[in-house]
4 protein chains.
Amino acid sequence: MHSVGIIYCSGVDFLIRASVLGATGYAGEELVRILAAHPKVKIVHLISKSYAGEAFSDVYQSFTNILDIKLEDIDVERISKDSDVVFTALPHGACSAIVPKFIEAGVRVIDFSGDYRYTDKDIYEKWYGIKHNSPHLLKKAVYGLCELNRKEIAGKALVANPGCYTTCSILALAPAVAEKIIDTSSIIIDAKSGVTGAGRSASLDFSFCECAENMKAYKVAEHRHTSEIEQQLSMIANEEITLTFSPHLMPLKRGIIATCYANLKDTRYSTQEIIEIYKDFYKNERFIRIYPNGRLPEIKYITSSNYTDIGLKVDGRNCRLIVVCCLDNLVKGAAGQAVQNMNILFGIAEETGIDSPPIYL
Amino acid sequence: MHSVGIIYCSGVDFLIRASVLGATGYAGEELVRILAAHPKVKIVHLISKSYAGEAFSDVYQSFTNILDIKLEDIDVERISKDSDVVFTALPHGACSAIVPKFIEAGVRVIDFSGDYRYTDKDIYEKWYGIKHNSPHLLKKAVYGLCELNRKEIAGKALVANPGCYTTCSILALAPAVAEKIIDTSSIIIDAKSGVTGAGRSASLDFSFCECAENMKAYKVAEHRHTSEIEQQLSMIANEEITLTFSPHLMPLKRGIIATCYANLKDTRYSTQEIIEIYKDFYKNERFIRIYPNGRLPEIKYITSSNYTDIGLKVDGRNCRLIVVCCLDNLVKGAAGQAVQNMNILFGIAEETGIDSPPIYL
Amino acid sequence: MHSVGIIYCSGVDFLIRASVLGATGYAGEELVRILAAHPKVKIVHLISKSYAGEAFSDVYQSFTNILDIKLEDIDVERISKDSDVVFTALPHGACSAIVPKFIEAGVRVIDFSGDYRYTDKDIYEKWYGIKHNSPHLLKKAVYGLCELNRKEIAGKALVANPGCYTTCSILALAPAVAEKIIDTSSIIIDAKSGVTGAGRSASLDFSFCECAENMKAYKVAEHRHTSEIEQQLSMIANEEITLTFSPHLMPLKRGIIATCYANLKDTRYSTQEIIEIYKDFYKNERFIRIYPNGRLPEIKYITSSNYTDIGLKVDGRNCRLIVVCCLDNLVKGAAGQAVQNMNILFGIAEETGIDSPPIYL
Amino acid sequence: MHSVGIIYCSGVDFLIRASVLGATGYAGEELVRILAAHPKVKIVHLISKSYAGEAFSDVYQSFTNILDIKLEDIDVERISKDSDVVFTALPHGACSAIVPKFIEAGVRVIDFSGDYRYTDKDIYEKWYGIKHNSPHLLKKAVYGLCELNRKEIAGKALVANPGCYTTCSILALAPAVAEKIIDTSSIIIDAKSGVTGAGRSASLDFSFCECAENMKAYKVAEHRHTSEIEQQLSMIANEEITLTFSPHLMPLKRGIIATCYANLKDTRYSTQEIIEIYKDFYKNERFIRIYPNGRLPEIKYITSSNYTDIGLKVDGRNCRLIVVCCLDNLVKGAAGQAVQNMNILFGIAEETGIDSPPIYL
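Residues numbered from 1 in each chain as written. Chains lettered and ligands numbered in written order. Predicted model: local features only at pLDDT ≥ 70, side-chain atom pairs only at ≥ 80, totals over all residues.

So what's going on with the domain arrangement of chain A? Which residues, and what values?
Residues and elements named next belong to chain A. Segmentation of chain A into domains returns domain 1 (16-162 + 332-345) and domain 2 (165-329). Once you take the C-alpha centre of each, domain 1 and domain 2 turn out to be 25 Å apart. Counting from both sides, the interface comprises 20 residues of domain 1 and, opposite them, 25 residues of domain 2. Secondary structure elements with two or more residues in the side of domain 1 that touches domain 2: α5 (121-128), α6 (146-154) and α11 (331-345). The class makeup of the residues in the side of domain 1 that touches domain 2 is 10 nonpolar, 7 polar and 3 charged. (Domains from an automatic or database assignment. Contact = placed C-beta atoms within 7 Å. Helix = DSSP H or I, 4+ residues; strand = E, 2+ residues; numbered from the N terminus. Nonpolar A, V, L, I, M, F, W, Y, C, P; charged D, E, K, R; others polar.)

And the structure:
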């Protein structure tokens with residue numbers, strides 16, 4: 001059994017042995033892409049129920065001659081023996097059923113589902129509509145929003161990797177909430193996601209013909225991520241926050257843009273002053289870029305990277321703050337942040353393997 | 001000179017003689033497409049400064065063998081003599097310079113620009129940053145949002161055809177404002193537009209490579225249409241309303257979706273109750289469809305049609321109303337509404353020529 | 001029982017009673033859209049196995065308040081009694097099982113599948129890999145490529161509506177083959193289709209994330225439509241033709257563009273001469289547009305219309321003819337041509353209900 | 001002055017000092033992205049006439065905090081002094097005017113334009129329609145198609161980086177031509193390119209609204225790259241080859257897919273045999289992947305990578321070979337191959353800095 005908490009990687013030749021459950025979903029594939037190029041990682045097992053026996057490059061031909069490793073069915077014991085860390089990119093419910101086994105075997109787990117993101121199992125069960133399979137782990141898990149919880153993450157065995165909408169929304173609002181410059185009862189988040197956010201599946205709703213040249217709102221004021229955003233912002237604010245969250249589906253593949261609104265507590269705030277507050281709040285964060293006055297982020301400025309870009313505008317006529325935040329849902333909203341969490345867990349430089357610049361086109 | 005106000009079209013053979021200034025812009029082309037199939041219209045002159053001398057079907061090859069009419073340079077006298085109505089789809093400023101000449105000549109004008117949408121020239125000049133060329137006409141003009149101003153439009157010589165974002169936003173909020181169910185100081189409109197909204201022009205910003213797989217907010221809390229929405233909603237409310245308006249650019253060609261937020265004055269409103277209020281408000285409106293509880297509009301449900309689709313949701317946890325509204329910016333947001341205005345002006349059935357169902361794909 | 005062959009519609013008030021089997025597929029929906037606006041048609045029954053009991057506008061919300069008619073399960077007797085014509089937009093095999101019943105009941109059938117497009121059942125069975133359910137009808141059926149078979153279509157009970165790739169390819173090459181200006185052993189058709197060509201279904205292959213920003217060739221030199229194109233061109237040429245057909249999937253919704261290549265028999269042909277041959281061949285065809293020298297068709301010039309656009313270029317350096325042909329796979333490649341066939345069958349003006357100009361944007 | 005030809009980079013700390021002329025075009029930006037992450041390169045000067053004085057990250061906000069280096073106006077002397085290699089990504093004509101100065105100063109040049117791709121200046125002047133500014137350099141230049149000319153490239157001062165269509169077409173056909181299995185008079189290349197192929201410019205033709213949901217052929221049988229493909233294939237074949245080349249514009253950003261046709265000299269070839277010939281021809285090539293029988297390449301399998309993917313099919317009914325080839329026009333078709341050339345020039349491992357796997361989504 002591994003002892004959790006020590007700093008690995010002091011020696012040059014050490015490689016983190018990593019396995020991925022759910023390697024053929026879009027977040028899984030992106031994780032594999034990042035891990036395959038990560039200088040401190042050795043991919044050990046790629047698990048896929050649907051494609052066990054096939055090569056990873058049979059499912060993603062893009063990896064031909066690059067990663068022809070065979071996909072396997074799940075074998076907890078073998079995976080545990082061979083791995084320092086396991087990424088579980090399975091549906092919620094499925095994760096909470098299998099994660100305990102890895103934790104017991106002393107393997108660190110970074111979980112992509114919603115299963116360990118809540119401190120209160122009742123909130124999880126209410127928003128997800130299912131019973132939690134391992135509520136005893138909720139206390140052991142840490143919410144892996146790296147920029148906010150870095151210190152808590154470091155020694156943990158189980159990281160709940162945050163949702164994509166959630167990461168975008170929380171990073172957009174954390175400074176305003178922490179610095180108490182907004183009326184927390186007035187928060188509205190109008191978020192737009194690319195279609196990869198819906199995952200890889202044969203579904204009419206996400207077919208090309210139904211999505212191209214279309215845009216829609218869905219699950220308005222009832223999307224699960226609402227509860228996750230509220231929980232985290234409430235902890236930051238040290239008060240109970242409820243807010244309105246409206247997700248939309250955009251006709252593009254990758255990226256989230258969240259336009260967030262809240263009333264300012266003081267009419268005298270200028271855009272520039274709040275930019276300074278944000279810059280200060282995130283002053284040492286490599287992956288968060290606060291835009292100068294007059295500029296706003298766009299999806300294409302962050303695509304395929306681990307960056308979160310934030311732009312601000314005070315609507316002085318209405319004493320309202322508007323924050324626009326962009327990230328790549330597959331990277332900072334999933335696989336990239338998972339690797340960032342892994343880097344923190346194993347004590348290596350946080351940007352290792354996730355420092356590629358965005359691909360503009 | 002035509003006498004303005006009489007009912008034309010009583011006889012079966014009457015055709016409205018229509019001319020279009022700015023026929024080769026996207027709104028112009030769409031207008032020509034609708035007019036060409038309109039059973040009560042004869043297209044007389046199509047004017048285009050840039051393409052004068054070429055056939056309309058040289059610029060839009062789609063019209064080959066359908067509308068090969070020559071584009072002409074502007075000749076006010078000739079156009080006035082030949083036309084019952086002139087549509088001016090030119091840039092703002094250009095319209096206010098030329099429209100007075102047609103009005104003096106007794107021709108009805110339906111203007112696509114922002115030039116005659118304001119009752120107060122100062123508001124126009126502040127938001128548009130230019131001097132108005134014919135402020136004396138502001139009083140004569142009527143704001144052509146057909147569903148709200150039908151009676152005022154009927155006898156007029158000059159119709160200010162509303163903006164696309166504006167039509168969408170006002171129709172989304174008019175019932176809530178008129179019935180006084182929302183706190184008018186809390187209105188936020190998060191609007192998303194397709195790229196045709198930017199018009200037809202050689203511009204890097206609207207090139208395929210800059211727009212595809214991208215999404216951005218722009219002119220947040222400073223877009224001109226803000227003032228137009230505020231003016232109309234203030235008139236409906238009979239009180240001064242200011243609001244926050246955030247436009248976004250979507251990677252698709254046609255369509256606007258506006259997600260509107262406002263605090264409810266009473267915590268007891270249910271989604272169903274407000275749906276009933278909306279249905280009642282728009283009860284005789286052919287082109288407005290209020291969605292049943294649990295359904296929301298999407299761009300693809302209205303593409304290429306004159307419909308405005310509205311869906312509603314009460315966020316009970318935050319006592320907030322969310323209204324989602326979709327329309328086609330080139331049809332109900334421009335050319336379709338212009339024709340609807342023309343139909344009203346000339347006393348023919350309002351849906352004539354604009355009653356095609358949406359094209360789903 | 002109706003007597004087949006007489007001219008209907010001589011009186012002004014006559015309406016063709018039409019039913020659609022498979023009304024909720026994309027070709028079905030497009031057919032319904034066209035029929036709903038057709039001045040000589042009354043839609044009687046819309047049949048959908050999957051959605052029987054729901055309103056058509058529940059499946060396609062775009063038709064809310066326009067066509068709220070209930071979808072029904074199939075009832076051959078009732079449909080036959082109520083209908084003058086039945087459109088069968090079902091999978092191949094399913095059509096050949098049900099069509100005989102309508103034919104026996106004296107109802108005219110326009111079939112969208114491949115089931116009746118062949119004169120030789122063996123060719124069908126070889127390329128489709130299934131047994132034909134009603135081979136006795138093959139002789140009764142007419143191949144409904146209107147521009148080429150108009151006279152044969154007129155009196156028929158059963159029309160085999162051509163495939164989309166097929167219509168595009170045959171119309172592109174018919175004049176060259178008929179006028180014997182090309183070496184028929186050298187024909188290559190490189191065709192590209194939008195995703196609606198794959199129909200409406202929950203399939204990973206046609207999901208937004210797999211299709212957007214992608215392009216691929218598929219079933220190269222083995223696509224079924226090869227045999228259909230060969231059969232028709234062979235009949236025109238009065239010799240056995242085999243050719244190479246390569247389909248591709250484009251990241252757009254509607255439209256086919258076929259780039260066709262063949263060696264010219266004579267080095268002296270100029271582009272202009274061949275344009276004249278094509279113009280002459282199609283001289284009375286409203287829905288076929290031959291482009292002038294120097295211009296080539298594009299998908300956007302025909303979208304949503306029944307037009308087939310053809311442009312030509314002689315590659316003099318290689319004594320080769322290149323023909324570029326575009327049509328909308330859902331209109332001229334399916335529903336539009338079906339209605340054109342119906343118009344011919346019932347003796348009404350061929351363009352009735354399908355004469356809308358293309359929608360450029 | 002540098003002495004050309006020696007092997008640099010023997011020591012671990014050596015960095016190639018690289019400058020880019022035309023750094024803000026799409027190929028330029030992609031080159032900068034690759035160079036910025038290249039472990040053996042130091043970017044020295046980024047030149048942009050239009051944006052001199054601004055930061056690179058002002059033009060491409062994606063590079064904020066990553067590459068904030070100032071763009072400069074051109075200063076040949078200073079650039080020459082500071083650089084080991086200069087990449088010239090300027091329009092043709094402009095390159096041949098400035099490249100001689102760098103060559104004289106002893107700096108190696110990798111040129112992106114067509115200016116040095118021809119051995120015969122007359123062919124260049126005929127197809128490009130301008131006079132060549134430095135024909136004396138044509139003999140000194142090497143055609144930088146790495147897989148075919150690796151040995152010739154190694155010691156050169158001036159590399160003509162091949163065109164995107166050209167690289168795709170030549171790599172697709174080189175084995176068939178070299179092994180003399182096809183009739184070289186029958187070659188047809190039907191190529192499709194994403195919109196980045198047209199470069200970064202304010203142009204109506206490449207605007208989102210004109211390109212999305214559209215597809216077109218253009219410059220059929222008269223595109224410049226025809227001559228470049230013919231020259232290279234003729235050299236491989238050791239006979240004069242002319243061929244038909246038809247470019248198309250696809251509604252996507254990156255990637256080329258070329259479907260190539262040629263008659264086989266022998267009816268007995270099977271798909272598998274030709275696959276083996278291709279595999280053997282490219283047996284040591286890391287960046288060329290020959291697909292197994294039954295699989296074909298797609299744009300999404302190579303996006304953002306330096307790979308060229310090739311799939312084959314024998315159309316036995318017509319004794320014809322069909323080769324489908326995909327590459328990323330900005331990488332293997334421009335910036336990636338330029339860096340591959342640089343790696344060869346400077347004697348470092350050829351894949352350095354360009355070995356990232358494709359980004360599937």
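This is not the end of the story, as more comes after the structure.
Give me the packing of helix α6 (residues 146-154) of chain D against helix α11 (residues 331-345) of chain D: which residues, what numbers.
Two quantities define a packed helix pair, namely the angle between the helix axes and the distance between the axes. Residues and elements named next belong to chain D. For the pair α6 and α11, the least separation of the axes is 9 Å and the interaxial angle reads 35 degrees. Of the two possible hands of crossing, α6 and α11 adopt the one that is right-handed. Contacts between α6 and α11 involve Cys146, Arg150, Ile153 and Ala154 on the former and, on the latter, Gln337, Gln340, Asn341, Ile344 and Leu345. Looking at the contact of α6 with α11 residue by residue, the classes come out as 5 nonpolar, 3 polar and 1 charged. (Axes fitted to C-alpha atoms, helices over the stretch in contact; angles between N-to-C directions. Left-handed = near helix turned anticlockwise from the far one by under 90°.)

Any details on the interface of chain D and chain C? Residues and values, ideally.
With 36 residues of chain D at the interface, the matching set in chain C holds 36 residues. Elements with a minimum of two residues in the side of chain D that touches chain C: β8 (188-193), β9 (216-217), β10 (244-249), β11 (256-263), β13 (308-315) and β14 (320-327) of chain D.

Kindly report on the relation of the copies chain D and chain C, identifying the contributing residues and their values.
The operation relating chain D to chain C is a screw motion whose rotation component is 180 degrees, with 0.0 Å of axial translation and a residual RMSD of 0.0 Å. This pairing of chains is accounted for by a two-fold axis. When each C-alpha of chain D is compared by its distance to the rotation axis, proline 251 of chain D comes out closest, at 3.3 Å. With an isologous cut-off of 70% or more, the 100% of interface residues of chain D that recur at the interface of chain C puts this contact in the isologous class. (Least-squares fit on C-alpha atoms with pLDDT ≥ 70 in both.)

Would you mind going over the relation of the copies chain B and chain D in detail, with residue names and values included?
Expressed as a screw operation, the relation of chain B to chain D combines 0.0 Å of axial shift with a rotation of 180 degrees, fitting to an RMSD of 0.0 Å. Take the interface residues of chain B: 100% of them recur as interface residues in chain D, which is what a same-surface contact looks like.

Any details on the sheet that holds strand β1 (residues 16-21) of chain D? Residues and values, ideally.
Residues and elements named next belong to chain D. Within the open sheet, the 7 strands sit side by side as β3-β2-β1-β4-β5-β7-β6. Their pairing is parallel. In this open sheet, the two edge strands, each paired with only one partner strand, are β3 (71-72) and β6 (141-143). In terms of strand pairing, β1 meets strand β4 (residues 85-88) through 4 bridges, oriented parallel. Considered in β4, the bridge of alanine 18 is made with valine 85. (Pairing = 2+ DSSP bridges.)

Which residues make up helix α7 (residues 164-178) of chain C, and what are the values?
All names here are of chain C. Its 15 residues place the ends of α7 21 Å apart at the C-alpha level, agreeing with the 21 Å of an ideal helix rising 1.5 Å per residue. A large share of α7 lies buried, amounting to 14 of its 15 residues. Looking at the residues trailing α7, positive phi occurs at lysine 180, about 55 degrees. (Expected span 1.5 Å × (residues − 1). Buried ≥ 20, exposed ≤ 12 C-beta atoms within 10 Å, placed from the backbone.)

Outline the interface of chain B and chain D, supporting the account with residue identities and numerical values.
Between chain B and chain D, the contact holds 16 residues from the first and 16 residues from the second. Per-element tally for the side of chain B that touches chain D: the top contributor is helix α8 (residues 208-211) of chain B, with 3 residues. Among the residues forming the side of chain B that touches chain D, the class breakdown is 9 nonpolar, 4 polar and 3 charged.

So what about the environment of serine 57 of chain D? Which residues, and what values?
Residues and elements named next belong to chain D. Following the sequence through the fold, serine 57 ends up in helix α2 (residues 56-59). Taking the C-alpha atoms as reference, serine 57 lies 19 Å from glycine 199; in sequence the two are 142 residues apart. Excluding residues that lie within four positions of it along the chain, serine 57 makes contacts with Phe63, Thr64, Leu67 and Asp68.

Kindly report on the confidence of the model for chain A, identifying the contributing residues and their values.
Where the model shows low pLDDT, its predicted coordinates should not be examined in detail. All names here are of chain A. Summing up the model confidence of chain A, the mean pLDDT is 95 and the portion of residues at 70 or higher is 96%. Residue range residues 1-12 is modelled with pLDDT below 50. Its contacts to residues more than four positions away, or to other chains, number 18 contacts. Two summary scores accompany this predicted model of the complex, namely pTM at 0.96 and ipTM at 0.95. (pLDDT = per-residue confidence, 0-100.)

Which residues make up unusual backbone geometry, and what are the values?
Residues and elements named next belong to chain A. Positive phi values are uncommon outside glycine, yet cysteine 319 reaches one of about 50 degrees. Mapping cysteine 319 onto the fold places it in the loop between β13 (308-315) and β14 (320-327). On the neighbour-count criterion, cysteine 319 (17 C-beta atoms within 10 Å) is partly exposed.

Give a detailed account of the pairing of strand β2 (residues 41-47) of chain D, specifying residues and quantitative values.
All names here are of chain D. Most of β2 is tucked away: 6 of the 7 residues are buried. Of the strand pairs in this sheet, β1 and β2 are connected by 6 bridges, and their pairing is parallel. From the neighbouring strand, leucine 21 faces β2, where its bridge partner is isoleucine 47. For the crossover that starts at β1, traverses helix α1 (residues 26-37) and ends in the parallel β2, the hand is right-handed. (Right-handed = clockwise from strand over helix to strand, strands pointing away.)

Could you give an account of the sheet that holds strand β11 (residues 256-263) of chain B, with specific residues and numbers?
All names here are of chain B. Ordered in space as β9-β10-β8-β11-β14-β13-β12, the 7 strands form an open sheet in which the pairing is mixed. The open sheet is flanked by β9 (216-217) and β12 (288-290), the only strands paired with a single partner. The pairing of β9 with strand β10 (residues 244-249) spans 2 bridges and is classified as antiparallel. The partner of alanine 217 across the bridge, within β10, is histidine 248. Here helix α7 (residues 164-178) sits on the sheet and contacts β8 (188-193), β10, β11, β12, β13 (308-315) and β14 (320-327); the angle it forms with β11, its principal contact strand, is near 35 degrees.

Describe in detail the environment of threonine 308 of chain C, supporting the description with residues and values.
Residues and elements named next belong to chain C. By secondary structure assignment, the location of threonine 308 is in strand β13 (residues 308-315). Sequence spacing of threonine 308 and valine 85 is 223 residues, and the spatial spacing of their C-alpha atoms is 25 Å. Apart from residues no more than four positions distant in its own chain, threonine 308 is found in contact with Leu171, Phe287, Ile288, Cys325, Leu327 and Lys332.

Can you lay out the packing of helix α1 (residues 26-37) of chain A against α11 of chain A for me, pointing to particular residues and giving the numbers?
Residues and elements named next belong to chain A. Running from N to C, α1 and α11 point in directions that differ by 40 degrees, and their axes come no closer than 9 Å. Considering the angle they form, α1 stands oblique to α11. α11 is crossed by α1, and the crossing has right-handed handedness. Facing Ala27, Glu30, Leu31, Ile34 and Leu35 of α1, the residues of α11 in contact are Val331, Ala334, Ala335, Gly336, Ala338 and Val339. Grouping the amino acids of the contact of α1 with α11 by side-chain chemistry returns 9 nonpolar, 1 polar and 1 charged. (Parallel < 35°, antiparallel > 145°, perpendicular 65-115°, else oblique.)

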